[in-house]
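Architecture and fold: a report
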Amino acid sequence: MAATNLPTAFILPESPASTTTRLNKRMAELGMCSRREADDWIARGWVRVNGEVAVMGVQVGPDARIEVHREAHGQQDQQVTILINKPMGYVSGQAEDGHEPAVVLIQPRNHWRGDGSKHRFSPTQLRGLAPAGRLDIDSIGLLVLTQDGRVARRLIGEDSEMEKEYLVRVSFGTVEKDVQAAFPRAQLARLRHGLSLDGQALKPAQVDWQNPEQLRFVLTEGKKRQIRRMCEQVGLKVVGLKRIRIGRVLLGQLPVGQWRYLAANEAF
């Protein structure tokens, strides 16, 4: 259908360039929506470029004028982002090796009673609900599932540098108590900066002792099993791993195996 009653347009105040970008990618770069959402909106006739209804696959310049129909924003307002304290034994994404995905826990009986959100659970909230990042099967803590492509891009987009904080219980050889005293300071420095995984140097990390048996990691990247592999390189064995923060959003008092909605006043 034709787009009408458009809101104020998105004006891109950039210098003209000779290169163009596919419209759905440009909309995602601007934080308007995900590429999938953009394709849906374009198909519905909800997007105009320089006053013309956009067609699928159109290329746009950096100074293009993009307008989005109000119905698209209404659709976004109904999308939910859910925080779950993932237990051990659940995978973040698709079921694998007989293990269930964490999304199966998103049901009314596991909804945290302390959730102050105005949202009420509906099965429609499970449509398109996907993890924005991974958490290993043998790790626990904060996992984000969202229907909102803007949230997903903020957390796991190619240019994302979102901080993620972990508490990591470790042992060092046969040492299980007061590991801090036995672990060389030079190796702690390597954890902070100096290690590589998969042939690539890792970004600097914040790594400090939380207590004599537990380290606190703050990372801005998320390679597969990154903390466990980092620890292996310096002789540490991870005994337990818990994610407690993503950006400005804390796990807080959310019990293991329960979930809540991202509140209206929260942002990553």
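For the structure, check the block above.
The following paragraphs examine the structure supplied in this document. (Residues numbered from 1 in each chain as written. Predicted model: local features only at pLDDT ≥ 70, side-chain atom pairs only at ≥ 80, totals over all residues. Heavy atoms only, no water.)

1. Here we look at the overall build of the chain
Stated precisely, the cut-off is as follows: Here a helix means four or more residues in a row that DSSP labels H or I, a strand means two or more in a row labelled E, and each is numbered from the N terminus. Relative accessibility decides the category of a residue: with a 1.4 Å probe and only protein chains considered, values under 20% of the type maximum give buried, values over 50% give exposed, and everything between is partly exposed. Here a residue-residue contact requires only that any non-hydrogen atoms of the pair lie within 4.5 Å. Under the convention used here, Asp and Glu are negative, Lys and Arg are positive, and both His and the chain ends fall outside the count. Every charge is mapped to an atom, namely NZ of Lys, CZ of Arg, CG of Asp or CD of Glu.
The helix and strand inventory of the chain stands at 7 helices and 17 strands. Overall, the chain is about 70 × 50 × 35 Å in size when its C-alpha atoms are taken along their principal axes. Residues classed as buried in the chain amount to 44% of the 268 residues present. In the chain, 67% of the contacts between residues at least 6 apart in sequence involve partners at least 24 apart. Averaging the positions of the 38 positive and the 30 negative side-chain charges in the chain gives two centres separated by 3 Å.

2. Section: the pairing of strand β13 (residues 206–211)
The following threshold applies: Two strands qualify as a pair provided that DSSP identifies no fewer than 2 bridges between them.
Relative to strand β14 (residues 214–219), β13 runs antiparallel, the two sharing 5 bridges. Within β14, the position partnered with Trp209 by the bridge is Leu215. Connecting the antiparallel pair β13 and β14 is a turn made up of 2 residues.

3. Remarks on the packing of aromatic side chains
Let me state the cut-off plainly: Classification of ring pairs uses Phe, Tyr and Trp, with its six-membered ring standing for Trp, and accepts pairs whose centres are within 6.5 Å; under 30 degrees between planes counts as stacked, over 60 as edge-to-face, and the remaining range as tilted.
For the structure on display, the rule yields 4 aromatic pairs. Ring centres 6.2 Å apart and planes at 75° place the aromatic pair Phe183 and Trp209 in the edge-to-face group. Taken together, the residues Phe183 in the loop between α5 (179–182) and α6 (185–192) and Trp209 in strand β13 connect sequence positions 26 residues apart. For Trp209, a relative accessible area of 18% corresponds to the buried category.

4. Thoughts on the pairing of strand β10 (residues 164–172)
In the case of a regular strand, side chains alternate between the two sheet surfaces. β10 sits mainly inside the fold: 7 of its 9 residues count as buried. As judged from the 6 bridges shared by β10 and β14, these two strands associate in the antiparallel manner. When the sheet's bridge partners are listed, Val168 is paired in β14 with Leu215. Pairing geometry for β10 and strand β15 (residues 236–246), over 9 bridges, is antiparallel. Pairing of Arg169 across the sheet is with Gly240, part of β15.

5. Quick notes on the nonpolar core
A general tendency of soluble globular proteins is for nonpolar side chains to be buried together. For clarity, the threshold we go by: The set of buried Ala, Val, Leu, Ile, Met, Phe, Trp, Tyr and Cys residues whose side-chain atoms join them within 4.5 Å is what this entry labels a nonpolar core.
Within the largest apolar cluster, 36 residues are counted, with the highest numbers of intra-cluster contacts made by Leu191, Leu215, Phe217 and Leu236. If sequence neighbours within four positions are ignored, Leu215 has contacts with Tyr166, Leu167, Val168, Val170, Leu188, Leu191, Val207, Asp208, Trp209, Gln210 and Leu236. Within the second largest apolar cluster, 16 residues are counted, among which are Ala38, Ala54, Val60 and Ile66.

6. A look at the side chain of Ser92
Formally: Here a polar contact is recorded for every N or O atom pair within 3.5 Å, except that within protein the pair must consist of a potential hydrogen donor and a potential acceptor, and residues adjacent in sequence are included only if both atoms are side-chain atoms.
Inspection of the secondary structure puts Ser92 in the loop between β7 (81–86) and β8 (130–131). Here Leu135 takes part through its backbone nitrogen, which lies 2.6 Å from a polar atom of the side chain of Ser92. For Ser92, the contacting residues outside a window of four places in its chain are Pro131, Gly133, Arg134, Leu135 and Leu143.

7. Quick notes on helix α7 (residues 226–233)
Considered for burial, the residues of α7 that qualify are Gln226, Ile227, Arg228, Met230 and Cys231. Taken together, the buried residues of α7 touch β10, α6, β11 (196–197), β14 and β15. Downstream of α7 by one or two residues, Gly235 has phi in the positive range, about 85°.

8. Focus: the environment of Glu71
Here Glu71 lies in helix α3 (residues 70–77). By relative accessible area, which is 41% here, Glu71 ends up partly exposed.

9. What to know about helix α4 (residues 149–156)
Quick note on the threshold: Arc definition: directions from the helix axis to the C-beta atoms.
Here α4 has its buried residues at Gly149, Val151, Ala152 and Leu155. Seen end-on, α4 carries its buried residues on one side only, within an arc spanning 155°. Buried residues along α4 sit against α2 (35–43), β7, β9 (140–146), β10 and β15.

10. Focus: the pattern of salt bridges
Quick note on the threshold: A pair is scored as a salt bridge if a Lys or Arg side-chain nitrogen falls within 4 Å of a carboxyl oxygen belonging to Asp or Glu.
This structure, assessed with the given rule, holds 16 salt bridges. The network of salt bridges with common partners includes Glu163, Glu165, Arg192, Asp208, Arg216 and Arg245.

11. Digging into the environment of Glu266
Mapped onto the secondary structure, Glu266 falls in the segment after β17 (259–261). Take Glu266: its relative accessible area is 23%, and that puts it in the partly exposed class. A polar atom in the side chain of Glu266 sits 2.9 Å from the side chain of Arg260. Separated by 2.8 Å, the side chain of Glu266 and the backbone nitrogen of Ala263 make a polar contact.

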